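# Descriptive analysis of the structure
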Amino acid sequence: MIILQRIDRFLARVYLIAGIIAAVSIVLIGLSVVASVGSRILGVYISGVTELAGYAMAWAAFFGMAYTFRVG
């Protein structure tokens, strides 16, 4: 029983870290969208911002699911 409790506590930490990564990814999506819009207004092209937002969306979905399943 003690081993299962330790595994549960470890997984709770892993899921919390996954939730934090998902939250940071959502903030990163917002920042990349603001950077993309701002750079278009200024007439400057920032390469890779759209791809970064796409990857951050995948991270948010992937890591957010683990945290959501744990918390409910």
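Above: the structure in question.
Residues numbered from 1 in each chain as written. Predicted model: local features only at pLDDT ≥ 70, side-chain atom pairs only at ≥ 80, totals over all residues. Heavy atoms only, no water.

With that out of the way, let us pick up the packing of aromatic side chains. Taken as a whole and assessed by the stated rule, the structure comprises one aromatic pair. On the basis of an interplanar angle of 80 degrees and a centroid distance of 5.2 Å, the ring pair of Phe62 and Phe63 is categorised as edge-to-face. (Phe/Tyr/Trp six-rings, centres within 6.5 Å; stacked < 30°, edge-to-face > 60°.)

Turning to the side chain of Ser32, a few remarks are in order. Among the secondary structure elements, Ser32 is positioned in helix H1 (residues 2-42). Among the polar contacts listed, one links the side chain of Ser32 to the backbone oxygen of Ile29, at a separation of 2.9 Å. (Helix = DSSP H or I, 4+ residues; strand = E, 2+ residues; numbered from the N terminus. Polar contact = N/O pair within 3.5 Å; in protein donor to acceptor, adjacent residues only side chain to side chain.)

Attention now goes to the environment of Ser36. Mapped onto the elements, Ser36 comes out in helix H1. Classification of Ser36 as buried rests on a relative accessible area of 16%. Sequence separation between Ser36 and Thr50 is 14 residues; the distance between their C-alpha atoms is 7.6 Å. (Buried < 20%, exposed > 50% of the residue type's maximum accessible area, 1.4 Å probe, protein only.)

This part is about the environment of Ala56. On the secondary structure map, Ala56 appears in helix H2 (residues 49-71). Distance from Ala56 to Ile29, taken between C-alpha atoms, is 6.0 Å for residues 27 residues apart in sequence. Once you skip the residues sitting within four places of it in the chain, Ala56 turns out to touch Ser25, Leu28 and Ile29. (Contact = heavy atoms within 4.5 Å.)

This part is about the packing of H1 against H2. Contact pair H1 / H2: the axes reach a minimum separation of 7 Å and the direction vectors enclose 150 degrees. Classified by the angle their axes make, H1 and H2 are roughly antiparallel. The way H1 lies across H2 gives a crossing that is left-handed. Grouping the constituent residues of the contact of H1 with H2 by class yields 19 nonpolar, five polar and two charged. (Axes fitted to C-alpha atoms, helices over the stretch in contact; angles between N-to-C directions. Parallel < 35°, antiparallel > 145°, perpendicular 65-115°, else oblique. Left-handed = near helix turned anticlockwise from the far one by under 90°. Nonpolar A, V, L, I, M, F, W, Y, C, P; charged D, E, K, R; others polar.)

This part takes up a nonpolar patch on the surface. Taken together, the side chains of Met1, Ile3, Leu4, Ile7, Phe10, Leu11 and Val14 define a hydrophobic patch exposed on the protein surface, amounting to about 730 Å² of accessible area. Note that Phe10 resides in helix H1. (Patch = residues over 30% accessible without salt bridge, like charges linked within 9 Å, V, L, I, M, F, W, Y side chains within 5 Å. Areas by Shrake-Rupley, 256 points an atom, 1.4 Å probe, with all protein chains shown as cover. Salt bridge = Lys/Arg side-chain N within 4 Å of Asp/Glu carboxyl O.)

For an α-helix the count is 3.6 residues per turn, leaving residues at separations of three or four pointing the same way. Given a rise of 1.5 Å per residue, 41 residues ought to cover 60 Å, and the 60 Å separating the end C-alpha atoms of H1 matches this to within 8%. Considered for burial, the residues of H1 that qualify are Ala18, Gly19, Ala22, Ser25, Ile29, Ser32, Ser36 and Ser39. Once H1 ends, the next one or two residues include Gly43, with phi positive near 80 degrees. (Expected span 1.5 Å × (residues − 1).)

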